[in-house]
Amino acid sequence: NLLIRLQGYPALQSLPGTPEAPPGFVGELRLSLWSANEQRVASTNIHLSYTKPALIEDITVTFSQTLGGTPLIIYGSNFVGTSRLVCQFGSVSPVQAKWISATQIECITPHHAPGVVPLRVSNNNLTFSDEISYEFVEQATIYSIMPRRGSTAGGTIVTVIGTNFRPSGRLSCSFGGVLSAAAY
């Protein structure tokens, strides 16, 4: 049975396991492996760094299509700009996150089956934040539009018939590239 000792800290930790740095510690420590009878087996200098866990406070959208590809801004705290900064939607593999600031990151949603899933973030792809709910929905399909013509001055009420429409404050129609608010 091997034990782990961090220089300057009396606590020993049994293997297998991951040595944990004391909270708030950043710097270099000497790591030693010891046998159960207190004989040093090996030691090395390693760099251990500690950051506070990432926290999610809010997201820009709460749902997107199952196809993925939707940019999602996540607001929170303790985000660290590392190559291991990720977002995880449900149980699919985490996706790379783009660090914007310590309080904001961006993730592109992955392809995912429909349903509500937990969304979590991690600075190191090992320790994840508490979760927030995110929903994947089927793509909307348009069957018909009535009327098919309207005044160039605008103001024509248009009815769109289809499937998978969802009530949302972002629901809109585009006429020649000009967005118009829509009602569900």
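Residues numbered from 1 in each chain as written. Predicted model: local features only at pLDDT ≥ 70, side-chain atom pairs only at ≥ 80, totals over all residues. Heavy atoms only, no water.

**Student:** Would you mind going over the overall build of the chain with me for this structure?
**Tutor:** Scanning the chain from N- to C-terminus turns up zero helices and 16 strands. The 184 residues of the chain split such that 26% are buried. A separation of at least 24 residues holds for 45% of the contacts in the chain among residues at least 6 apart in sequence. Counting only carbon and sulfur atoms, one obtains 54% of the accessible surface of the chain, whose full area is about 11,700 Å². (Helix = DSSP H or I, 4+ residues; strand = E, 2+ residues; numbered from the N terminus. Buried < 20%, exposed > 50% of the residue type's maximum accessible area, 1.4 Å probe, protein only. Contact = heavy atoms within 4.5 Å. Areas by Shrake-Rupley, 256 points an atom, 1.4 Å probe, with all protein chains shown as cover.)

**Student:** Help me understand the packing of aromatic side chains, please; the structure alone is not making it clear to me.
**Tutor:** The way to describe two aromatic rings as a pair is by their centre distance and the angle between their planes. Scanning all chains against the criterion turns up three aromatic pairs. Seen from their ring centres, Tyr134 and Phe136 are 5.3 Å apart, and the 70° between their planes marks the pair as edge-to-face. Residue Tyr134 is classed as buried on the basis of its relative accessible area of 1%. Sitting above the plane of the Phe128 ring, Arg120 keeps its charged end 4.4 Å from the centroid. Between Arg166 and the ring centre of Phe63, over which it is positioned, the NZ or CZ distance is 4.4 Å. (Phe/Tyr/Trp six-rings, centres within 6.5 Å; stacked < 30°, edge-to-face > 60°. Lys NZ or Arg CZ within 6 Å of the ring centre and 35° of its normal.)

**Student:** Please clarify how the sheet that holds strand β5 (residues 55-59) should be interpreted in this entry.
**Tutor:** Pairing between sheet strands relies on hydrogen bonds along the backbone, with the strands arranged either parallel or antiparallel. Strand order in the open sheet formed by eight strands is β5-β7-β10-β9-β8-β11-β12-β6, and the pairing between neighbours is mixed. Two strands bound the open sheet, and with one partner strand each, they are β5 and β6 (63-65). Each strand of the sheet is rotated relative to its neighbour by a mean of 35°, with strand direction disregarded. Across four bridges, the pairing between strand β9 (residues 95-101) and strand β10 (residues 104-108) is antiparallel. Residue pairing in the sheet places Lys98 in a bridge with Glu106 of β10. (Pairing = 2+ DSSP bridges. Axes fitted to C-alpha atoms, helices over the stretch in contact; angles between N-to-C directions.)

**Student:** Looking at this model, I keep getting lost on the pairing of β9. Mind explaining?
**Tutor:** As a general feature of sheets, a regular strand has side chains that alternate between the two faces. Bridge count for strand β8 (residues 86-89) against β9 is two bridges, and the pairing is antiparallel. The residue of β9 that forms the bridge with Cys87 is Val95. Between the end of β8 and the start of β9, which pair antiparallel, lie five residues, with Gly90 showing a positive phi angle near 65°. If you look at the hairpin formed by β9 and β10, you'll find two residues sitting between the two strands.

**Student:** Explain the layout of surface pockets here, please?
**Tutor:** Think of a ball as big as a water molecule: rolled over the atoms, this probe shows where empty space is left. Put simply, the largest pocket is a space of about 940 Å³. Breaking the lining of the largest pocket down by element, the ones donating at least two residues are β6, β13 (141-146), β14 (159-163), β15 (172-175) and β16 (178-181). Top contributing element to the lining of the largest pocket by residue count: β15, with four residues. Looking at the lining of the largest pocket residue by residue, the class counts come to 17 nonpolar, 11 polar and three charged. (1 Å grid on protein atoms, 1.4 Å probe; cavity = no way out; pocket = protein on both sides within 12 Å on 5 of 7 lines; lining within 4 Å. Points joined across faces, edges and corners; volume = space filled by probe spheres on them. Nonpolar A, V, L, I, M, F, W, Y, C, P; charged D, E, K, R; others polar.)

**Student:** Please clarify how the side chain of Ser77 should be interpreted in this entry.
**Tutor:** Here Ser77 is to be found in strand β7 (residues 71-77). The exposure class of Ser77 is buried, given its relative accessible area of 16%. Those residues within four positions of Ser77 in sequence are excluded, and the remaining contacts are Pro53, Ala54, Leu55, Glu57, Ala102 and Thr103.

Note that every value here comes from positions in space, so none of it alone points to a role or purpose.
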